[in-house]
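Spelled out from the first residue to the last, the chains are:
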Amino acid sequence: SSSTSTGPGSKKLKLGFLLPITDPELLDLGRGFQLAGIAAMNATARIDFTTISSNCDPDLAAAGVKTLAARGVQVIIGELCSGATLAAVQAADAAGVVIISPASTSPRLTNSS
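Residues numbered from 1 in each chain as written. Predicted model: local features only at pLDDT ≥ 70, side-chain atom pairs only at ≥ 80, totals over all residues. Heavy atoms only, no water.

**Q** Help me understand the nonpolar core, please; the structure alone is not making it clear to me.
**A** Looking at soluble globular proteins, one finds that nonpolar side chains tend to be buried together. Counting residues in hydrophobic clusters, the biggest one holds 14 residues, and the most contacted among them are L18, A61, V65, L68, I76 and A88. Discounting residues that sit within four places of it in the chain, V65 has contacts with L18, I76, A88, A91, A92 and I99. Core analysis: the second largest hydrophobic core is formed by 6 residues, F17, L19, I47 and L80 among them. (Core = buried A, V, L, I, M, F, W, Y, C linked by side-chain atoms within 4.5 Å. Buried < 20%, exposed > 50% of the residue type's maximum accessible area, 1.4 Å probe, protein only. Contact = heavy atoms within 4.5 Å.)

What follows is the structure, given as structure tokens:
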């Protein structure tokens, strides 16, 4: 999809989801985030989103961040597991991308510099 449309303030936000959507234990949560993204996209044509499954795996999460950044994603929501989030944060910092984890609780996430 295009990154711009017509009209004032019409630049699109590229939003990425980095979620364990193939993990059977977290499947419903991952689908919920996807559905929320679809609802947001349908409410306004100014949001593009891409979802990558990382299965709570640190290596997949870091690779997913790199893929999303290469696609021009500006903000990533995820990962949900602390170990994968730690790896994703390092990759996001290197790529200059904002990452928001809605569920990771490791103290290492708030105590790192």
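Once you've had a look at it, read on.
**Q** Please explain helix 2 (residues 58–70) as it appears in this structure.
**A** Quick reminder: α-helices carry 3.6 residues per turn. Residues three or four places apart thus point the same way. Spanning 13 residues, helix 2 covers 18 Å between terminal C-alpha atoms, matching the ideal 18 Å at 1.5 Å per step. Considered for burial, the residues of helix 2 that qualify are A61, A62, G64, V65 and L68. Down the axis of helix 2, the sector holding all buried residues measures 160°, keeping them to one side. Residues of helix 2 that are exposed and point over 90 degrees away from its buried face: D59, K66 and A70. Buried residues in helix 2 make contact with strand 1 (13–19), strand 2 (47–53), strand 3 (75–78), helix 3 (82–95) and strand 4 (98–100). (Helix = DSSP H or I, 4+ residues; strand = E, 2+ residues; numbered from the N terminus. Expected span 1.5 Å × (residues − 1). Arc of directions from axis to C-beta.)

**Q** Would you mind going over the pairing of strand 1 with me for this structure?
**A** In the case of a regular strand, side chains alternate between the two sheet surfaces. Of all 7 residues in strand 1, 5 are buried, a share of seventy percent or more. As defined by bridge partners, strand 1 adjoins strand 2 across 7 bridges and the pair is classed as parallel. For G16, the partnering residue across the bridge sits in strand 2 and is T50. (Pairing = 2+ DSSP bridges.)

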